[in-house]
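Geometric and topological summary
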Amino acid sequence: MTNTIRNNLPVLTLNRIGKVWQSREGQVEALTDVSMDIQEGEFVSIVGPSGCGKSTLLNILAGLDAPSKGTILSGGTPWRDRLGHIGYMPQKDLLLPWRSVLDNAILAEEISGVSKESARNEALKMMGEFGLSGFEHNYPYQLSGGMKQRVALLRTVLADNELILLDEPFAALDALTRSNMHEWLLGLWESWHKTLILVTHDVEEALILSDRVYVLGGRPGFVKSVVSVDMSRPRSLAMADQADFLRLKKHVINLLKSTS
Ligand SMILES: Nc1ncnc2c1ncn2[C@@H]1O[C@H](COP(=O)(O)OP(=O)(O)OP(=O)(O)O)[C@@H](O)[C@H]1O
Ligand SMILES: [Mg+2]
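All of the points below concern the structure found in this document.

So, how was this worked out
Within each chain, residue numbers correspond to sequence positions counted from 1 in written order. Just so you know, chain letters begin at A and ligand numbers begin at 1, following the order they were written in. Two thresholds apply to this predicted model, a pLDDT of at least 70 for residue-level local features and 80 or more for giving and counting side-chain atom pairs, whereas whole-chain, interface and lining totals are computed over all residues. In this description a helix means any DSSP run of H or I spanning at least four residues, a strand means any run of E spanning at least two, and both kinds are numbered starting from the N terminus. Between the first and last residue of a helix there are one fewer steps than residues, each counted as 1.5 Å, and that sum is the expected span. Here a residue counts as buried when 20 or more other C-beta atoms sit within 10 Å of its C-beta, as exposed when there are 12 or fewer, and as partly exposed otherwise, the C-beta atoms being derived from the backbone. Here, residues touch in the contact sense if the C-beta positions derived from the backbone fall within 7 Å of one another. For each residue, a C-beta atom is placed from the backbone, and the residue is labelled near a molecule or strand when this atom is within 6 Å of it. All residues other than Ala, Val, Leu, Ile, Met, Phe, Trp, Tyr, Cys, Pro, Asp, Glu, Lys and Arg, Gly among them, are scored as polar; the first ten of these are nonpolar and the last four charged. Pairing between strands is defined by DSSP: at least two bridges between the two strands are required.

In this section: helix α5 (residues 145–158). Given 3.6 residues per helical turn, the α-helix brings residues three or four places apart onto the same face. Under the 1.5 Å per step criterion, the end-to-end length of α5 is 20 Å for 14 residues, consistent within 8% with the ideal 20 Å. By the criterion of burial, α5 is predominantly enclosed, with 11 of the 14 residues buried. All of the buried residues in α5 are Met 147, Lys 148, Gln 149, Arg 150, Val 151, Ala 152, Leu 153, Leu 154, Arg 155, Thr 156 and Val 157. Looking at the buried positions of α5, the neighbouring elements they touch are β6 (87–89), α2 (101–105), α3 (107–111), α4 (116–126) and β7 (163–167). Backbone geometry just downstream of α5 places Asp 160 in the positive-phi region, at approximately 60 degrees.

What follows is the structure, given as structure tokens:
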């Protein structure tokens, strides 16, 4: 579906998405009236307080859950067969405990029919870039939280979808590894021209990486504001010290704090 976009229509449109969870305790309204337009090749971040429905939204986009209200379109046409066509790194790393790092990394490719041998060869080439060299044959219980996240990220990247959703992919990393991963992801995205949607609690991370930042409020989750990051590319982490950047960061933090 994402390969057949015509007339520069958004690769992804969320049209007034709402979600109500049913539980034994009753109903939880997780999202209300969430609309977004994502252009092909854009890098968009979503920030918002804990519990405002960010993961719920990504689960819906990936096709794992259905919205209670609203529609999702690609190129202006309803997009129903999303499951398996969108790269998704969920908030929990969801590594399979009985598979090695290498075999976890190739899972999506294996499911899509790529031979195990060629998938493994491709994955092995990327282990260094993901800080996993020497751990290819280890199992998830032998890894740190950050390493597990990097395996999950590698698995998502190897699945090679045009649209990729990342739910707090760097949350468990130390500051240095995290900024290395930012540089790395920027380089990757700038050379690939994939469309990326990143959920994060880190406003600086969102601004350094993104073209636009959707600021959500809660509960239920709604779009408070959309902030354009009009800073030149290629970007570097040095931009975080610039006055324009600091102004933008303050603006987003104020939006997050505001109650309306
Ligand atoms: N499967 C589910 N069944 C019932 N309620 C759910 C389910 N998943 C999420 N919720 C509820 O929906 C709301 C939004 O949760 P969600 O995990 O999407 O928030 P979030 O913005 O991702 O939070 P965080 O920043 O902490 O990850 C919460 O009130 C949560 O309890
Ligand atoms: Mg979440």
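As a structural note, the neighbourhood of ligand 1 is formed by 13 residues, with Trp 21, Ser 50, Lys 54, Ser 55 and Thr 56 the closest of them. Contributions of two or more residues to the shell around ligand 1 are made by β1 (12–23), β2 (26–38) and α1 (54–62). Partitioning the shell around ligand 1 into residue classes produces 4 nonpolar, 8 polar and 1 charged.

This part is about the pairing of strand β9 (residues 212–217). Bridge count for strand β3 (residues 43–47) against β9 is 4 bridges, and the pairing is parallel. Bridge pairing links Ser 45 to Val 213 in β9. Two elements, β9 and strand β10 (residues 222–228), share 6 bridges in a ladder whose sense is antiparallel. When the bridges of β10 are listed, Gly 217 appears paired with Phe 222. Taking the residues that link successive antiparallel strands as the turn, the β9-β10 hairpin has 4 residues.

Attention now moves to the sheet that holds β2. A sheet is described by the order of its strands in space; here 4 strands give the open sequence β2-β1-β4-β5, paired in antiparallel fashion. At either margin of the open sheet sits one strand with a lone partner, and together these are β2 and β5 (77–78). In terms of strand pairing, β1 meets β2 through 9 bridges, oriented antiparallel. By the bridge assignment, Lys 19 is partnered in β2 with Leu 31.

What follows is about the pairing of strand β4 (residues 69–74). For β1 and β4, the ladder comprises 4 bridges, and the chain directions are antiparallel. Opposite Gly 18, over in β4, you have Lys 69 as the bridge partner. Relative to β5, β4 runs antiparallel, the two sharing 2 bridges. If you follow Leu 73 over to β5, its bridge partner there is Pro 78.

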